[in-house]
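Observations on the three-dimensional arrangement
Given next are the chains, with one letter for each unit.
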Amino acid sequence: MMKKKIVVAVTGASGSIYARLLLDKLQQLQNQLTEVAVVMSDNAKQVWEFELGDATHGNYPFTTYAKNDFMAPFASGSARFDTMVIVPCSMGTLGRIASGVSDDLITRAADVILKERRRLILVARDTPLSLIHINNMKTVTEAGGIICPAIPSYYSKPQTIEELAMTVVNRVIDLIGLENESYRWEGI
């Protein structure tokens with residue numbers, strides 16, 4: 001298996017637990033990765049601190065880039081990042097990506113990933129969805145992106161909030177194409 005270069009972007013949508021668990025899992029799977037780059041919106045940091053009660057978003061061993069750092073390597077297709085995951089992905093970020101508006105590093109990197117025909121995974125976190133949201137999801141999907149709603153599964157019988165959220169993160173890990181030990185549906 002070829003090692004992967006991944007961008008993880010975190011927006012200000014509720015669901016910081018998904019971002020934390022993904023970053024934790026990527027640390028565990030570092031032998032399958034050549035690089036993980038992280039970019040967070042200002043709102044993402046505030047929501048993380050509010051929802052998770054800490055500021056550990058800055059404690060990961062990955063290179064972190066400012067939201068307006070257009071000199072970040074993944075702002076260009078020549079850097080050859082394989083995958084970008086936006087987790088959680090706000091509807092505003094989704095809308096800007098669907099419209100081709102690259103007004104910050106997150107939306108610029110998503111634009112690059114799509115134009116280079118690489119893997120863009122948006123962990124959408126909002127409910128209910130308006131027709132505008134649905135149409136934006138359709139547009140991004142038609143452009144090659146993957147919409148992976150933050151909808152947990154229950155057949156593994158999760159016992160904690162972390163185990164429940166991990167069902168979504170494990171799907172994201174599968175979509176990235178990493179080898180991962182997780183619950184697999186065997187039927188009844």
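Above this note sits the structure.
Let me sum up the structure you'll find in this document. Because the structure is predicted, anything quoted here is derived from the model rather than measured.

1. Remarks on the environment of Q30
Following the sequence through the fold, Q30 ends up in the loop between α1 (16-28) and β2 (33-40). You can call Q30 partly exposed: its relative accessible area is 38%. Spatially, the C-alpha atom of Q30 lies 9.5 Å from that of K4, the residues being 26 residues apart in sequence.

2. Considerations on the packing of aromatic side chains
Counted according to the given criterion, the structure contains six aromatic pairs. Measuring from ring centre to ring centre gives 6.4 Å for W48 and Y60, while their planes differ by 75°; the resulting arrangement is edge-to-face. You can see W48 sitting in helix α2 (residues 42-52) and its partner Y60 sitting in the loop between α2 and β3 (63-65), a full twelve residues away along the chain. Assigned by exposure class, W48 and Y60 land together as buried. Measuring from centroid to centroid gives 6.3 Å for Y60 and F62, while their planes differ by 0°, and the two rings are stacked. What makes Y60 buried here is its relative accessible area of 13%. Of the residues examined, F62 reaches a relative accessible area of 10% and is grouped as buried. One aromatic cluster is present, formed by W48, Y60 and F62 through successive ring pairs. Across the ring face of F81, the terminal group of K5 is positioned such that the distance to the ring centre comes to 4.6 Å.

3. What to know about α2
Turning to α2, its buried residues number three or more, namely A44, V47 and W48. Buried residues of α2, viewed axially, fall in a sector of 105°; they line one side. Exposed residues lying more than 90 degrees from the buried face of α2 are Q46 and F50. Looking at the packing, one finds that the buried side of α2 touches β1 (4-10), α1 and β2. Two residues or fewer past α2, G53 is found with a positive phi of approximately 75°.

4. A word on the packing of α1 against helix α6 (residues 161-176)
Relative to each other, α1 and α6 sit at 60°, their axes nearing to 9 Å. Seen from above, α1 lies across α6 with right-handed handedness. For the pair α1 and α6, contact is made by I17, Y18, R20, L21, L22, K25 and L26 and by I161, E162, A165, M166, V168, V169, N170, V172 and I173, respectively. Its residues placed into classes, the contact of α1 with α6 shows twelve nonpolar, one polar and three charged.

5. Thoughts on the pattern of salt bridges
Going through the model one piece at a time under the given rule, you end up with nine salt bridges. One salt bridge in this structure joins R96 and D103, with 3.5 Å as the shortest N-O distance. You can call R96 partly exposed: its relative accessible area is 27%. Given a relative accessible area of 43%, D103 falls into the partly exposed group. Here K115 ties to E116 by a salt bridge, and the two come within 2.6 Å at their closest N and O atoms. Accessibility expressed as a relative area gives 42% for K115, which makes it partly exposed. Each of the salt bridges in this network shares a partner with another, and the network as a whole consists of R20, D24 and E162.

6. As for the side chain of R20
Positionally, R20 belongs in helix α1. Look at R20 and you get buried, because its relative accessible area is 18%. Sequence-distant contacts of R20, defined by excluding residues within four places in its chain, comprise W48, L52, Y60 and E162.

Cut-off values and rules
- Residues numbered from 1 in each chain as written.
- Predicted model: local features only at pLDDT ≥ 70, side-chain atom pairs only at ≥ 80, totals over all residues.
- Heavy atoms only, no water.
- Helix = DSSP H or I, 4+ residues; strand = E, 2+ residues; numbered from the N terminus.
- Buried < 20%, exposed > 50% of the residue type's maximum accessible area, 1.4 Å probe, protein only.
- Phe/Tyr/Trp six-rings, centres within 6.5 Å; stacked < 30°, edge-to-face > 60°.
- Lys NZ or Arg CZ within 6 Å of the ring centre and 35° of its normal.
- Arc of directions from axis to C-beta.
- Contact = heavy atoms within 4.5 Å.
- Axes fitted to C-alpha atoms, helices over the stretch in contact; angles between N-to-C directions.
- Left-handed = near helix turned anticlockwise from the far one by under 90°.
- Nonpolar A, V, L, I, M, F, W, Y, C, P; charged D, E, K, R; others polar.
- Salt bridge = Lys/Arg side-chain N within 4 Å of Asp/Glu carboxyl O.

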